[in-house]
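Take a look at the letters that make up each chain.
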Amino acid sequence: MSATQKVNLLGLSPEKLVEFFESIGEKKFRATQVMKWIHQKGAESFEEMTDVSKKLRAKLEGICEIRAPEIVEQNISTDGTRKWIIRTEGGMNDCVETVLIPDGDRATLCVSSQVGCSLDCSFCSTGKQGFNRNLTPAEIIGQLWIAIKSFGPMDPNGPRRVTNVVMMGMGEPLMNFEPVVDAMILMMHDNAYGLSKRRVTLSTSGVVPKIYELVKRTDVSLAISLHAPNNPLRDELVPINRKYPIEELLEACQHYLDNLPDKRHITIEYTMMAGVNDQEQHARELAHLLKDLECKVNLIPFNPFPHSGYEKPSNNQTRRFQKILADDGYTVTVRTTRGDDIDAACGQLVGDFHDKTRRSQKYIELREIGDQS
């Protein structure tokens, strides 16, 4: 078996790791041993696994590997935000971005799920770059592995270096369903990273059928990239709304909440763009729209990127919008822009990859036409 055919144990879910060890004639408990070594102690080779027999270590060395994505570049913002550009299995020009945002005793990792994004939200820089492929489970969980190891040797008994994970990086997570679910299961497993289900959040633009499927597989927290209080505006900003309109999306959200084992809320993400969706009438419409859904609202002032055509709203306008929702009983937060000096803020992740959709080229051509007019 060649090195390129070796099984990468980094990306195997607990269930699949057990199946693998049974397939090579080993006991189930070996899966637990190896999982702890990889995900809790950060082992990069089988020689490090001292409580595994030499015979088994040699066997694993011949057919397996522990391989995370390659770090191409690491940038640290003046506010402490860290951004990694990582090269995926696609090769030299297939890179995605991962961002770690510290906040007191919390550290939230924003994880990518696709090389580019299969959707085309009009206000998102990632979406304008087009799409290449889905990430593998190893490439998804590898982002968490890289972030934790960036602080030094992993220590299961030490302080938690990443307290929260949000699937809000490059890509639409529900369009890469199985690898994302496998990775999130690892994030929450006691023998891996042990994160609480309330501290792992999947953000979706509204792939409605997959929301119904998701609640059958996991009980992570759910966030919805809404960005508009009505269908005509959302059709323009979030094109998938033309297939799954707001009414169907909110119905799926309610189904998700109703089928969780505990009481939870949905996080509604709302990127505010000056003169587009930030007016008082939009706030009142949003308050009415969400009245029957257990939710909180996260307002995100637009983070500019070249030729987007959108602008950030004023602080006063953002506060007026927030007050209307708060006065109607909603919990409303305004996301602080973090890491914008290293292009790590929400909506700014772009990576570097071959765009199979040619969307990036079309976007560049339209920008050039606009510059000439």
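Residues numbered from 1 in each chain as written. Predicted model: local features only at pLDDT ≥ 70, side-chain atom pairs only at ≥ 80, totals over all residues. Heavy atoms only, no water.

### Considerations on the packing of aromatic side chains
How two aromatic rings sit relative to each other is set out by the distance from centre to centre and by the angle between their planes.
Part 1 of the reasoning: Applying the stated criterion to the full structure yields 3 aromatic pairs.
Part 2 of the reasoning: Taking the centre distance of 5.2 Å and the plane angle of 35° together, the rings of Y270 and F321 count as tilted. Taken together, the positions of Y270 in strand 12 (residues 266–272) and F321 in helix 11 (residues 315–327) put the pair 51 residues apart, joining distant regions of the chain. F321 shares its class with Y270; the two are buried.
Part 3 of the reasoning: Look at F302 and Y310: their rings are 5.9 Å apart centre to centre, the planes differ by 75°, and that puts the pair in the edge-to-face class. For the pair shown, F302 and Y310 are each scored as buried. (Phe/Tyr/Trp six-rings, centres within 6.5 Å; stacked < 30°, edge-to-face > 60°. Helix = DSSP H or I, 4+ residues; strand = E, 2+ residues; numbered from the N terminus. Buried < 20%, exposed > 50% of the residue type's maximum accessible area, 1.4 Å probe, protein only.)

### Structural notes on the side chain of H282
Part 1 of the reasoning: Among the secondary structure elements, H282 is positioned in helix 10 (residues 280–289).
Part 2 of the reasoning: When residues no more than four places from it in sequence are discounted, the contact partners of H282 are P229, L233, Y270, V276, N277 and F321. (Contact = heavy atoms within 4.5 Å.)

### Remarks on the sheet that holds strand 12
Part 1 of the reasoning: Pairing within the open sheet is mixed, and its 10 strands lie in the order 3-4-5-6-9-10-11-12-13-14. Taken across any chain shown, the strands that pair with only one partner, and hence form the sheet edges, are strand 3 (70–76) and strand 14 (332–334). Adjacent strand axes in the sheet meet at a mean angle of 20° when their direction is disregarded.
Part 2 of the reasoning: Sheet topology note: the strand 9 (residues 164–167)/strand 10 (residues 200–204) ladder contains 3 bridges and is parallel. Considered in strand 10, the bridge of M167 is made with L202. (Pairing = 2+ DSSP bridges. Axes fitted to C-alpha atoms, helices over the stretch in contact; angles between N-to-C directions.)

### A look at the UniProt feature "binding site: S-adenosyl-L-methionine" (unreviewed entry) in the protein
Part 1 of the reasoning: Under the UniProt annotation, "binding site: S-adenosyl-L-methionine" (unreviewed entry) lies at G171, E172, S203, S225, L226, H227 and N303.
Part 2 of the reasoning: With respect to the helices, strands and loops of the structure, E172 is situated in the loop between strand 9 and helix 6 (177–188).
Part 3 of the reasoning: With residues near it in sequence (within four places) discarded, E172 still touches S113, Q114, C117, S118, L119, S203, T204, S205, G206 and V207.
Part 4 of the reasoning: Reaching out from E172, the side chain makes a polar contact with the side chain of T204 at a distance of 2.9 Å.
Part 5 of the reasoning: Its location among the elements puts S225 in strand 11 (residues 221–225).
Part 6 of the reasoning: Note on S225: relative accessible area 11%, which makes it buried.
Part 7 of the reasoning: Separated by 3.3 Å, the side chains of S225 and S203 make a polar contact. (UniProt positions renumbered as here; feature names shortened; annotations may be inferred. Polar contact = N/O pair within 3.5 Å; in protein donor to acceptor, adjacent residues only side chain to side chain.)

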